[in-house]
Structure formats: structure tokens, C-alpha cells
Amino acid sequence: MSAHPVAAPLCAQPTAALRRKNQPTGTRNRAHAFRVVAKAVTEAPPSTKQVFVFGDGTADGDASMKSLLGGKGANLAEMSAIGLSVPAGFTVTTEVCAQFHENDSQLPTGAWEEMLVSLKFVEKCMGKTLGDPANPLLLSVRSGAAVSMPGMMDTVLNLGLNDLVVEGLAVKAGEKFAFDSYRRFLDMYGDVVMGIPHNLFESKIDQLKREKGVVNDNELTAKDLRELVKQYKLVYETAGVQFPQDPLAQMKLAAFAVFDSWNSDRAKKYMSINQITGLKGTAVTVQAMVFGNMGETSGTGVCFTRNPSTGENLLYGEYLVNAQGEDVVAGIRTPEDILTMANALPEAYAGLVKNTQLLEKHYRDMQDIEFTVQEGKLYMLQTRSGKRTGVSAVKIAVDLVQDGMITKTDAINLVEPTHIDQMLHPQFKDEALYANDVIGVGLPASPGAAVGQVVFDTETAETLHAQGKKCILVRVETSPEDVGGMHASEGILTARGGMTSHAAVVARGWGKTCVSGCSELVVDETNRWLSLGGVKLHEGDWVSLNGTTGEVIRGAAELAPAAISGDLGLFMSWVDAERRLKVLANADTPEDAKVARENGAEGLGLVRTEHMFFGSGERLKTVRRMIMAGNTTDRQS
């Protein structure tokens, strides 16, 4: 993704001239800017509205406006409107994104002014001001397309921090918290907005931890974090860019970066794989930050209202005490099971359970929820329809019908054709047969059985897939850049990450088997080998994954075909009652015909007679002799 160099010298960054027209005014002129545009925005008809606010129990939009506000913005508006505790914010529409790309990376007329007015609304709701050291408002800037695309587009957190604000925040919330937030912001802003590789920041903190003799980030002292901020600024200088101290400039460039991420290679690859077409772009949601890293009464997490792997009606997810959201999904720290939150943060957990029940009843579907607890108070940050496996999709649909929440027709519409396809994939024939070959156990992040050859990067996975070979992608942790390799693989194995990590969420959405957080797994991507349970495997060696148990198995375990029964049988009976077309199978052998009839086919629609002779070497030879016979007598004999 290209950098946005508004704050850099023009000689070093010539493209900065493109931004002059949209350059934010200084803080001295902000009051005048608000006064000028307020009336015009208020009087503009709804069709011309470019920015929609939410918060304090009100919202401009609702859940029906996903094509305009993206899934994130539409759901936040709906959540605010139904009374959930949602930090205030505003959403810049997908139409603005489309015009941004059509107009040489320029915002359409009036969009920036609407953003400034909306910022005033957020400041009033939260009782804080962007850029005020004494009472600072910090913002998150997130993407949100009409269709959920987890991890494919960019996010910026802690926006609004600068050299002055961080000192004010230190007085208000503690020096360690303030400078930890600042170093995170410098890292993320540099990577997402300014185009500075994340590993340059990562190397600085790794070096500091080695010097201080600590293992975890949270073991660094406030003094250490102050020094780390200085080191991160040097990364900017070395890269030839300047970190913008003006919070308004930060906000504008972050929005540009999110719009740009719509055209990133990883987003394009994800849309191609999932056949996502016809979207205008991504919306940008700017929202007040609340903090889960303000001590032991704070935390953050991700949860599903039902198990996305099995469909069980039980909260499923993870959380971390004294952490920010990216710590959970990035796999930087191993999170705790959501059910243990009842002991760690009991009041917040009780509120979470109540809110998840309200959301599922309101949306009549399983929800994927992000939340933060700040000093004991629960905030709901996001909800969306949860990605799920085929097994989970069918069970949830059946259970919702039996609970009277939806009709059978609704249930049919909840389940995608790919979900049924997943359930017809093979499972392991007999788990007892491979018991002696289990070399390790990780988290069962996405169920199913996968067998393939070990690969360590996307390029190799895609090459093997193109050759018709099966592979297992092995990574320390996956990132959005790995989506091509994940899609080309039979399954994914990672050393880090939890049940809601990038690898887990994407794998479940695609019905791919995934074992994540296998902490004993050692991966040497340079020399192309892995070590687990005292066994060393090289690239090309065979390995099997049981995504239901989390087991990692040396070699190629034997697979067995799936069958229709239980919830799937009941669900398909509802489909049969609705359909008007007959279903005929494509089968070439008696064995294929038998399987087709067992799975509900009403007959055979296509039979390639020549394939009947592939099952027996003698049959094939007989047919060849018949074809090559020189006369009728030899042919009949």
C-alpha cells in the first residue's frame, strides 16, 4: 500500500501536493470551520449525506444500510439505536470511497467538512476533545465493507496521540499506559498510513526487551516505553517521513489509508477467492477509543453468541485482561477462554451475556462480537453475522427454527451452498489408527480433517495447488497477506494465535481445517522445516490435521467419506420441501451411483460409459481389444 506523506517535506515526498486541497486546517481555525459547514450539512437531503453519526442512544443509520455504511458502520448504528453501550463515532460512506478512487485520491466536496462536524458530535458524547492534553479523545479508524472481509483492510488505533497529548494522558491514566498506547500508535500508523514496514518497529522492541532481560511487552517499564517511543520516531526519520503531530492530519490520512486498502493485493485476492463483486468500496468508521489496557479491571475480547465450529448454543471466544483488541486477534499473547471471564470480570461478563442474548434475538442469527471493558464498564464495539463452518451453520439454523426464532425458509437462507459442500467432505476414517503418530496438540480452531504436504509460504502452496497436489500451510502466525496460500491449502497450522485469530476466522469462513496456537511448534521458515513433539519435518513431508481435536499427526492419515444424517438430514428435508427442481447425479460407476442415492439423488443425469471400465485392469484391456479389432468377428469375441 502506498504511503500518504502529508506531514513529510514536499522535496522528500512529491506526491504530497495531491493532498494540499484536503489538508486539514490548523487547530486555530477549527471553530470557524465547524461554524461554516454546520448549517449546510444539517439541511442537506439524506441522499447527499456523506457521513453518518452514532452514539448516545441515537444513530443516523441502521442495519439495513450495509451497502452504504458497510457492515461495521451499519451494525454500530443499529447497536446504538437499540440501547447498547457503544462508544460514539461516525461512518464515512462507501460512496465516498468510490469517489475518492475516481478522483485521484481526493475526497469529494463537503466530505471533510462533514467529518469535522461529526467529530464535534463524538466529542460532545464522550466529554473529551481530540488533541486536548488535559482531556484527550483518542480515536480508532476502521474499514467496513458491505460484506465481512476479516483482516483484509486496514485499521488504526489510538489516533490523536502526539508529544503533548501523551504527557497529558500520562497524568490522567498513568505514564506506562500512556506511552504504551503511544508506541502502539506510532507502530500501527507508520505501517498502515506511512508505508513503513512493521518489522522495523518490531525489531526495536525486540532489541529493547533483550537489553532489559524481559520476555513480554508488558514487562517493560514506563521509562523503557519512553525510550521505545524515541526509537520508533527514529524509524520514521530513517524512512524519510515525519510523524504528523496534528490530530486532524492524522485522522484524514488514516481515512485515506483505509480507502486505499480497498485496492490492496490481499483485499483483491480475498474478494476473488470469495467471489465478492459489485461493491462500491469500503466505508470508514471513526470511533471513540475505550481502553482495555488500563489495569486489572479492564480487558478486551472477541466472542460468538454460539460456537462457530460446532454450532453449540454456548458463548465461544477469548479475552485478555489489561490488553487492547489487536492483542487478541494478532496472537501476540495467548488469550483466555471467554467463559473464565465470569471469574475475572464478573459484572462485565454478566453484562456481556445479557447483551449477546439481546443481539442474537434482535438479528435472529449468530453474532460475532468485539467488546472492551474499561475500568469495569463494558462497551460493545462491533457486531456482525459470524463466520461459521458448515456443521455449525446447519446446527444453528435447525436450533433457531426449533427455538421459534426463525422459520424454515429463513433457515434455508441462512445456510450457504458452500456450507453443505463442507459437510460432504471426508473425515478421518478411524482416529484410533493414527494415535501413535500424534506429535502435538494445538487449539481446534476450525474442524475437519486435512492431509497434505508441509509448505511454509503462500507462493509454494499456490504452486502445489496448481499442480493438483494437497498441502498444509505452516506458519508462526498468519497475516492477511497469507490468504492466497490459506485458500490453496487443505489446512493451516500455526504456532501462535487463538480461536479468534486471523487464521482461525478465515479458515472457518472457508471451511478449511485449522489448528492454531500450537505453542510447542518450532517453525524455521528460512531452512524450511518444523519441529514438534521431538519430530522434525521438512517441506514436502506429509502431515495431517484434526481440526476438531487440535491434533497434529505425522504422515497421511486415512480419510473416510461423509454421510447425510442428524441435523443435516433434517435441514435437507426442509430444502426438499421447498425446491421445485429434481436432483440427478453425475455418476460413472455402481459405487458412485450408490453414494449418490444415499445422499438423496433421485436418479442419474449423466453417465460416462467409458468410465465404467476404469475400475478393472482386465475390463480396460477388453475394451481396448474391442476398439482395435480389425473385423466384426474379433470385435464380438
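Residues numbered from 1 in each chain as written. Predicted model: local features only at pLDDT ≥ 70, side-chain atom pairs only at ≥ 80, totals over all residues. Heavy atoms only, no water.

Draft legend 1. Inspection of the overall build of the protein chain at higher detail. Assigned secondary structure in the protein chain consists of 23 helices and 28 strands. Relative to its full complement of 637 residues, the protein chain shows a buried share of 51%. Of the accessible surface of the protein chain, which amounts to about 28,800 Å², a share of 51% is contributed by carbon and sulfur atoms. (Helix = DSSP H or I, 4+ residues; strand = E, 2+ residues; numbered from the N terminus. Buried < 20%, exposed > 50% of the residue type's maximum accessible area, 1.4 Å probe, protein only. Areas by Shrake-Rupley, 256 points an atom, 1.4 Å probe, with all protein chains shown as cover.)

Draft legend 2. Here's a closer look at helix α20 (residues 566–578). With 13 residues, α20 extends 19 Å from end C-alpha to end C-alpha; this agrees with the ideal 18 Å at 1.5 Å per step. Check the buried side of α20 and you find it contacts α14 (390–402), α15 (408–414) and α16 (417–423). (Expected span 1.5 Å × (residues − 1). Contact = heavy atoms within 4.5 Å.)

Draft legend 3. Structural context of the pattern of salt bridges. Taken as a whole and assessed by the stated rule, the structure comprises 27 salt bridges. Here K212 makes a salt bridge to D224, at a shortest N to O gap of 3.6 Å. A residue pair is termed long-range when its members are at least 10 positions apart, and K212 in helix α7 (residues 198–212) and D224 in helix α8 (residues 222–239) qualify at 12 residues. When its relative accessible area of 45% is taken as the criterion, K212 is described as partly exposed. Between D410 and R364 there is a salt bridge, with the nearest N and O atoms lying 3.6 Å from each other. Taken together, the positions of D410 in helix α15 and R364 in the loop between α13 (346–363) and β12 (367–374) put the pair 46 residues apart, joining distant regions of the chain. Through salt bridges with shared partners, a single network forms among D180, R183, R184, D206, K209 and D217. (Salt bridge = Lys/Arg side-chain N within 4 Å of Asp/Glu carboxyl O.)

Draft legend 4. Up close: the packing of helix α2 (residues 66–81) against α13. Across the interface, α2 lies against α13 with an axial gap of 12 Å and an inter-helix angle of 110°. When the axes of α2 and α13 are compared, the pair comes out roughly perpendicular. Note on packing geometry: the crossing formed by α2 with α13 is right-handed. In contact with N75, E78 and M79 of α2, α13 contributes L359, H362 and Y363. Considered class by class, the residues forming the contact of α2 with α13 number 3 nonpolar, 2 polar and 1 charged. (Axes fitted to C-alpha atoms, helices over the stretch in contact; angles between N-to-C directions. Parallel < 35°, antiparallel > 145°, perpendicular 65-115°, else oblique. Left-handed = near helix turned anticlockwise from the far one by under 90°. Nonpolar A, V, L, I, M, F, W, Y, C, P; charged D, E, K, R; others polar.)

Draft legend 5. Molecular detail of the environment of Q357. Within the fold, Q357 resides in helix α13. The exposed category is assigned to Q357, whose relative accessible area is 53%. Note: C-alpha distance between Q357 and L315 (42 residues apart in sequence) is 9.9 Å.

Draft legend 6. Focus on the pairing of strand β18 (residues 471–475). Across the 5 residues of β18, 5 count as buried, placing the element largely inside the fold. Strand direction decides the pairing type here: strand β17 (residues 449–455) and β18, joined by 3 bridges, are parallel. The residue bridging V454 from the neighbouring strand is I472, located in β18. One ladder, built from 4 bridges, connects β18 with strand β19 (residues 491–494); its direction is parallel. Considered in β19, the bridge of L473 is made with I492. (Pairing = 2+ DSSP bridges.)

Draft legend 7. Structural detail: the sheet that holds strand β21 (residues 522–524). Strand order in the open sheet formed by 3 strands is β21-β22-β23, with antiparallel pairing between adjacent strands. The sheet terminates laterally at β21 and β23 (535–538), the two strands that pair on one side only. Sheet twist, expressed as the mean angle between neighbouring strand axes with direction ignored, is 15°. In terms of strand pairing, strand β22 (residues 529–532) meets β23 through 4 bridges, oriented antiparallel. In the sheet register, L530 faces β23, and the bridge partner there is L537.

Draft legend 8. Quick look at the nonpolar core. Core analysis: the biggest nonpolar cluster contains 91 residues, and F90, V156, L159, Y189, V193, Y236 and M251 have the highest contact counts within it. What M251 contacts, discounting residues up to four positions off in sequence, is F90, W112, M115, L119, L139, L159 and V286. Among the nonpolar cores identified, the runner-up in size contains 23 residues, and L315, L352, L359 and F371 belong to it. (Core = buried A, V, L, I, M, F, W, Y, C linked by side-chain atoms within 4.5 Å.)

Draft legend 9. Local environment of the packing of α7 against α8. Closest axis-to-axis distance for the α7/α8 pair is 10 Å, and the angle between their directions is 145°. The way α7 lies across α8 gives a crossing that is right-handed. Listed contacts from α8 to L200, F201, K204, I205, L208 and K212 of α7 are D224, L228, Q231, Y232, V235 and Y236. Partitioning the contact of α7 with α8 into residue classes produces 8 nonpolar, 1 polar and 3 charged.

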